[in-house]
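As a plain string of letters, each chain reads:
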Amino acid sequence: MTDNEEPDGGGDSSITDQQLDDFDTNREGSSASEISSASEEIQRQDSDDPANDPLFVREGNEDGSSTQIWADRDLLSIGTVPGPDRIVGRDTEIQSVAGEIRHLIHESQPNHVVIYGETGTGKSLVSRHVSDRLVDTATARNVPAASVYVECKKNNTETRVARTIARALSDKSDSDIDIPRIGLGSAEYYDYAYDIIDEYYDGLIVILDEIDMVDNAEGLLHELSRAREAGHTDAYIGIIAISNDIDFGQKLNARVQSSMRTTDFVFEPYQSDQIEQILEYRRDAFHDGVVQDGVITETADRSADEHGDARKAVDVLRIAGDIADDADAEVVSPKHVDKAVKRAEVNRVKETIESTSPQSKLVLYTLGRLTGSNNRRFRTSGIYSQYETTCGDVGADPLSYDRVSQILSTFALMGISESHQVGGGHKQGVYLEHQLIKDKDVVMKAVVESDERLSELHNGTYEI
Ligand SMILES: Nc1ncnc2c1ncn2[C@@H]1O[C@H](COP(=O)(O)OP(=O)(O)OP(=O)(O)O)[C@@H](O)[C@H]1O
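An unreviewed UniProt entry annotates the protein chain as ORC1-type DNA replication protein of Halocalculus aciditolerans. Quoted straight from UniProt, the Sequence similarities (unreviewed entry) entry for the protein chain says "Belongs to the CDC6/cdc18 family." The record in UniProt for the protein chain states the following under Function (unreviewed entry): "Involved in regulation of DNA replication."

Encoded structure:
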């Protein structure tokens with residue numbers, strides 16, 4: 001649409017449903033023509049001064065000031081790593097990991113470490129913090145050292161991990177060696193890495209985060225742990241492997257277990273007072289006085305009760321701030337935390353079901369639809385007939401009964417629902433019953449917002 005064109009009222013895609021809803025609520029009884037002129041208003045201001053497009057800029061912030069809620073929202077963003085003096089409740093763990101790898105500063109083999117623990121318990125944070133400090137100390141003592149952090153979820157083959165290590169070392173050392181991105185196998189990438197290590201360093205700490213995601217973790221660990229002994233490099237290489245799977249070490253074969261004796265640590269979920277402190281350190285994200293009493297304690301208590309995950313707790317506080325900001329509120333209140341907890345949960349369910357097929361989403365929607373307020377269990381046969389109705393509603397062809405049954409098992413594996421075997425007594429057949437584990441409304445909102453057809457069926461969104 002050009003600047004001069006009239007919006008057509010019904011189909012103006014630049015105005016969101018939410019804006020129209022808000023407009024309706026604010027001006028009860030508005031006619032369609034009034035809504036249309038409001039849209040025009042937004043369009044006109046937009047063309048006048050892009051710096052103050054009201055679509056993005058709140059009233060009162062036209063002078064360039066930030067919102068009345070946020071002073072530095074990034075302090076609560078996922079990528080923000082707290083400074084060393086703001087790592088809460090992990091002193092013992094920091095000391096313990098440091099004690100294992102410290103030998104590097106004396107030009108001696110560091111012990112290898114495996115850290116286990118649930119998500120958001122500070123495993124990566126502590127590993128990186130200790131390694132960085134070790135590198136500083138070693139380098140200051142004329143033992144040039146480096147640390148490399150590898151996210152194995154993104155680099156889930158041995159070749160990718162080897163390439164990431166080689167390329168990270170090349171960047172850190174400012175080496176002229178040009179390492180190809182593609183076309184080489186793990187052996188060649190290891191060779192590049194060893195060449196750089198031997199030219200620049202006496203010691204290396206490799207952090208392998210989510211090591212269990214690598215297809216050949218055994219080959220990788222075997223190679224790195226015996227690189228010096230095998231004469232591939234003169235440097236001492238210490239490994240910190242991080243895993244959410246507590247059985248990871250047991251699953252390694254005997255050959256790796258013996259070449260890589262490890263010291264294992266388990267990081268426990270955070271307690272409420274620790275999460276509270278973690279959040280307090282980020283209070284500066286908000287303007288003074290904006291966070292109402294009880295908000296941080298409430299967020300910490302609920303997070304400790306549900307998971308003890310610092311990342312999720314930080315996330316909830318940010319979402320609560322966003323909700324307050326979107327509503328043009330002057331303060332963040334416990335009511336915003338309540339909504340934020342739900343929204344964060346919806347986001348997580350969305351992420352979990354992201355990779356499932358459109359048909360799987362219809363099956364999950366059906367289970368949500370059947371589930372009433374008392375969260376009952378349903379037999380596969382009952383779910384299947386309701387699923388056929390769902391398919392009819394959105395114009396999809398139903399899958400077979402067996403496929404739907406398999407899909408229900410997949411959701412149980414994902415931790416969204418659970419399946420119970422029932423019957424099997426005298427003259428009774430055995431059958432499965434399925435039940436949501438996650439809050440029904442959370443699942444419904446996530447699935448409706450993840451599938452266009454379901455979204456349409458619910459006129460855009462599912463309110464909870
Ligand atoms: N002890 C802590 N003090 C301050 N912030 C923390 C602490 N632990 C975790 N956090 C915050 O939570 C984020 C996630 O922590 P971290 O990545 O270390 O968790 P993790 O145990 O490695 O989880 P995952 O298994 O999901 O990778 C950190 O970036 C930091 O913002």
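**Q** Can you tell me about the environment of Glu188, naming the residues and giving the values?
**A** For Glu188, the location among the structural elements is in helix α6 (residues 186–200). Judged by its relative accessible area of 39%, Glu188 falls in the partly exposed class. Residues Glu188 and Ala166, spaced 22 residues apart in sequence, show a C-alpha to C-alpha distance of 9.7 Å.

**Q** Quick one: what's the story with the pattern of salt bridges, residue by residue and with numbers?
**A** As a working rule, side chains carrying opposite charge can pair if their charged atoms are close by. Under the criterion given, the structure shown has 17 salt bridges. Residue Asp284 is joined to Arg86 by a salt bridge in which the shortest nitrogen-to-oxygen separation is 3.8 Å. Here Arg86 lies in the loop between α2 (32–48) and α3 (91–101) and Asp284 lies in the loop between α10 (272–280) and α11 (295–306), a separation of 198 residues in the sequence. Residue Asp284 is classed as partly exposed on the basis of its relative accessible area, which comes to 42%. For Arg86, a relative accessible area of 33% corresponds to the partly exposed category.

**Q** Lay out the packing of aromatic side chains with the relevant residues and their values.
**A** The full count for this structure, using the stated rule, is five aromatic pairs. Ring centres of Tyr200 and Tyr201 lie 6.3 Å apart, and the angle between their planes is 45°; this geometry places the pair in the tilted category. Tyr200 sits in the partly exposed class, given a relative accessible area of 29%. What makes Tyr201 buried here is its relative accessible area of 12%. The ring of Tyr149 carries the charged tip of Arg128 above its face, separated from the ring centre by 3.8 Å. It is Arg228 that lies over the ring of Tyr236; its NZ or CZ is 3.9 Å from the centre.

**Q** Which residues make up the site of the ligand, and what values do they have?
**A** In the region of the ligand, 20 residues are neighbours, and Val88, Lys123, Ser124, Tyr270 and Arg282 sit closest. Measuring from a nitrogen atom of the ligand, one finds a backbone N or O atom of Val88 at 2.7 Å. Contacts to the ligand include Gly122, whose backbone N or O atom sits 3.1 Å from an oxygen atom. The dominant element in the shell around the ligand, judged by the number of residues it contributes, is helix α4 (residues 123–140), at three residues. Across the shell around the ligand, the residue classes tally to seven nonpolar, seven polar and six charged. For the shell around the ligand, the two domains that each supply at least three residues are domain 2 (75–80 + 272–351) and domain 3 (90–267).

**Q** I'd like a description of the side chain of Gln359, backed by residues and values.
**A** Within the secondary structure, Gln359 sits in helix α14 (residues 358–370). Taking the relative accessible area as the measure of exposure, Gln359 reaches 16% and is therefore buried. Of the polar contacts made by the side chain of Gln359, one reaches the side chain of Tyr387; its length is 2.5 Å. In this view, Gln359 contacts Tyr387, Cys391, Ala396, Asp397 and Leu399; residues no more than four positions away in its chain are not counted.

**Q** So what about the sheet that holds strand β7 (residues 417–423)? Which residues, and what values?
**A** In space, the three strands of this open sheet follow the order β6-β8-β7, with antiparallel pairing throughout. The sheet is open, and its two borders are formed by β6 (378–379) and β7, each paired with just one other strand. Where β6 meets strand β8 (residues 430–436), two bridges bridge the pair, whose relative direction is antiparallel. Counted as the bridge partner of Arg379 is Glu433 from β8. Helix-sheet contacts for helix α16 (residues 401–413) involve β7 and β8, and the interaxial angle to β7 is about 120°.

**Q** So what's going on with the nonpolar core? Which residues, and what values?
**A** Where a protein is soluble and globular, its nonpolar side chains tend to be buried together. Within the largest apolar cluster, 38 residues are counted, with the highest numbers of intra-cluster contacts made by Ile165, Leu169, Leu208, Leu221 and Leu224. Secondary-structure elements contributing two or more residues to this core are β1 (112–117), β2 (145–151), α5 (158–173), α6, β3 (203–209), α7 (217–225) and β4 (236–243). Ile165 has contacts with Val148, Val150, Ala193, Val206 and Leu224, leaving out every residue within four places of it along the chain. Within the second largest apolar cluster, 30 residues are counted, among which are Phe286, Val295, Ala300 and Val332.

Calculation rules
- Residues numbered from 1 in each chain as written.
- Predicted model: local features only at pLDDT ≥ 70, side-chain atom pairs only at ≥ 80, totals over all residues.
- Heavy atoms only, no water.
- UniProt positions renumbered as here; feature names shortened; annotations may be inferred.
- Helix = DSSP H or I, 4+ residues; strand = E, 2+ residues; numbered from the N terminus.
- Buried < 20%, exposed > 50% of the residue type's maximum accessible area, 1.4 Å probe, protein only.
- Salt bridge = Lys/Arg side-chain N within 4 Å of Asp/Glu carboxyl O.
- Phe/Tyr/Trp six-rings, centres within 6.5 Å; stacked < 30°, edge-to-face > 60°.
- Lys NZ or Arg CZ within 6 Å of the ring centre and 35° of its normal.
- Near = heavy atom within 4 Å.
- Polar contact = N/O pair within 3.5 Å; in protein donor to acceptor, adjacent residues only side chain to side chain.
- Nonpolar A, V, L, I, M, F, W, Y, C, P; charged D, E, K, R; others polar.
- Domains from an automatic or database assignment.
- Contact = heavy atoms within 4.5 Å.
- Pairing = 2+ DSSP bridges.
- Axes fitted to C-alpha atoms, helices over the stretch in contact; angles between N-to-C directions.
- Core = buried A, V, L, I, M, F, W, Y, C linked by side-chain atoms within 4.5 Å.

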